[in-house]
Amino acid sequence: MKKIAVLGSCATRDNFNSIFNADYKKKFECVLMQNQSSIISMASKKRENPVVPEDDFSEYDEWCVRSDFTKEFFDHLAKLQPDTIIVDLFGDAHFGVLEVEPGEYVSNNRWKLWRTAYYKDVLKGKAEELSIDKDREQYMELWKKSWDIVLDKLKKASPKSKIILHKIQNVKEYYNFDDNKFDIATSGKVKNVNVDYYNEMLNEMYDYIRKNDRSIKIIDLFKKNKEFLSFDEHPWGLFYVHYTMDYYPLFMNKLIEIEKNNRWYQFFQKKKKQAD
């Protein structure tokens, strides 16, 4: 059984959930998760957990905020040494960051961080916001530097782990209960975002990653212009990266294919060394 670590979001983590892939435990175990964090945040220095008992957070929500601040993912990664690390860039597309002190950032998670007293009393209206919506060039310049730092951290923490980039995309439409298609952005059910622009920015980040390190494997289910949608009855609700249920088995098949190809590669490398 292969051990998996996820640096990304539910778009990746859901593939290792029996709701979406019933038999995934036969081949994989997800041993570590960093949820909804920006790459820029993960490149920044460790900070103290801002969540206090008065915030009345669930254990899950507290962990999401805490781990973004403490960057504990890298310490856990060093201990667990997973076979594979899968990265997606949800946090950079949908949240961006807050500059909490000069050159130091945390993810601007509106769903969780904004509910803390720390955000309301210390950060709101005071910490500078940086996102792809506000300043594309500035964000991308900082993001590229941060990706280089994060990639180095990943490789140092778990040098034998294979790294996979999951090329998530935001989908435009969803099915309702009657199987009719509707536009997500104007549905009134989620934040209205420019889907084409968000995907354009994601693709710019993907191009940078691939250009600078060809050893990183890719899972891209949108590559062949496959149309995926969201749907009202998704277990976590309607959202741009909550895909229809056909997405997740296809992801799993692609991951299994990568793992299989990697085993053959290692086999031939071993044979080659023996021959030499």
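Structure's up top.
Residues numbered from 1 in each chain as written. Predicted model: local features only at pLDDT ≥ 70, side-chain atom pairs only at ≥ 80, totals over all residues. Heavy atoms only, no water.

Helices and strands together make up the secondary structure of the protein chain, namely nine helices and eleven strands. Relative to the compact-globule value of 19 Å for 276 residues, the protein chain shows a C-alpha radius of gyration of 19 Å, a close match. Based on the C-alpha atoms only, the size of the protein chain along its principal axes is roughly 65 × 50 × 35 Å. Split into buried and exposed, the 276 residues of the protein chain put 53% on the buried side. Relative to all contacts within the protein chain whose residues are 6 or more apart in sequence, the contacts with residues 24 or more apart total 76%. Here the protein chain displays about 14100 Å² of accessible surface, and carbon together with sulfur accounts for 48% of that area. On the protein chain, the mean spot of the 46 positive side-chain charges and the mean spot of the 45 negative ones are 8 Å from each other. (Helix = DSSP H or I, 4+ residues; strand = E, 2+ residues; numbered from the N terminus. Rg over C-alpha atoms; globule rule 2.2 N^0.38 Å. Buried < 20%, exposed > 50% of the residue type's maximum accessible area, 1.4 Å probe, protein only. Contact = heavy atoms within 4.5 Å. Areas by Shrake-Rupley, 256 points an atom, 1.4 Å probe, with all protein chains shown as cover. Lys, Arg positive; Asp, Glu negative; His and termini not counted. Charge placed at Lys NZ, Arg CZ, Asp CG, Glu CD.)

Applying the stated rule across the entire model yields zero disulfides. Take C30: it sits in no disulfide, and the sulfur closest to it among the cysteines is that of C10, at 13 Å. A disulfide-free cysteine, C64 has its sulfur positioned 10 Å from the sulfur of C10, the nearest such atom. (Disulfide = S-S within 2.5 Å.)

A few words on the sheet that holds strand β3 (residues 84-87). One open sheet holds the five strands; their spatial order is β2-β1-β3-β7-β10, and the pairing between them is parallel. The open sheet has two free edges, formed respectively by β2 (28-35) and β10 (217-219), since each of these has just one partner strand. Each strand axis lies, on average, 25° off the axis of its neighbour in the sheet, ignoring direction. As paired elements, strand β1 (residues 2-8) and β3 share four bridges and run parallel to each other. Bridging across to β3, A5 finds its partner in I85. Sitting on the sheet, helix α4 (residues 73-80) is in contact with β1, β2 and β3, with an inclination near 160° to β2. (Pairing = 2+ DSSP bridges. Axes fitted to C-alpha atoms, helices over the stretch in contact; angles between N-to-C directions.)

Taken together, the three strands give an open sheet; going across it, the order is β9-β8-β11, and neighbouring strands pair in mixed fashion. The outermost strands of the open sheet, each flanked by one partner alone, are β9 (181-183) and β11 (230-231). Pairing of strand β8 (residues 173-175) with β11, which is carried by two bridges, proceeds in the parallel orientation. When the bridges of β11 are listed, Y175 appears paired with F231.

Attention now moves to α4. Because each turn of an α-helix spans 3.6 residues, side chains separated by three or four positions end up pointing in the same direction. Every buried residue belonging to α4 is among F73, F74 and L77, and all of these are buried. Taken around the axis of α4, the buried residues stretch over an arc of 95°, which confines them to a single face. Along its buried surface, α4 packs onto β1, β2, α2 (39-43), β3 and α7 (136-157). (Arc of directions from axis to C-beta.)

Our next topic: the nonpolar core. Within the largest apolar cluster, 77 residues are counted, with the highest numbers of intra-cluster contacts made by F16, W143 and L154. Not counting chain neighbours up to four residues away, the residues in contact with L154 comprise L7, F73, F74, L77, I85, V87 and I163. In terms of nonpolar packing, the next biggest core, distinct from the first, is built from eleven residues, L98, V106, L113 and A127 among them. (Core = buried A, V, L, I, M, F, W, Y, C linked by side-chain atoms within 4.5 Å.)

Right, let's talk about unusual backbone geometry for a bit. At D56, a residue that is not glycine, the phi angle is positive and equals roughly 55°. Counting through the fold element by element, D56 comes out in the loop between α2 and α3 (59-70). Look at D56 and you get exposed, because its relative accessible area is 66%. Backbone geometry at Q81 places phi at a positive 45°, although glycine is not the residue there. If you trace the backbone, Q81 turns up in the loop between α4 and β3. Exposure remark for Q81: the relative accessible area of 32% places this residue in the partly exposed category.

Our next topic: the packing of α7 against helix α8 (residues 195-212). Here α7 crosses α8 at 35°, and the two axes come no closer than 11 Å. Of the two possible hands of crossing, α7 and α8 adopt the one that is right-handed. The segment α7 lies against α8, with R136, Y139, M140, W143, K144, W147 and D148 engaging Y197, E200, M201, E204, M205, Y208 and I209. Among the residues forming the contact of α7 with α8, the class breakdown is nine nonpolar, no polar and five charged. (Left-handed = near helix turned anticlockwise from the far one by under 90°. Nonpolar A, V, L, I, M, F, W, Y, C, P; charged D, E, K, R; others polar.)

Mapped onto the elements, K167 comes out in the loop between β7 (162-166) and β8. Despite being buried, K167 has no salt bridge partner; D220 is the closest side chain of opposite charge, sitting 4.3 Å away. Each residue touching K167, except ones within four places of it in the same chain, is listed here: Y206, I218, I219, D220 and F222. (Salt bridge = Lys/Arg side-chain N within 4 Å of Asp/Glu carboxyl O.)

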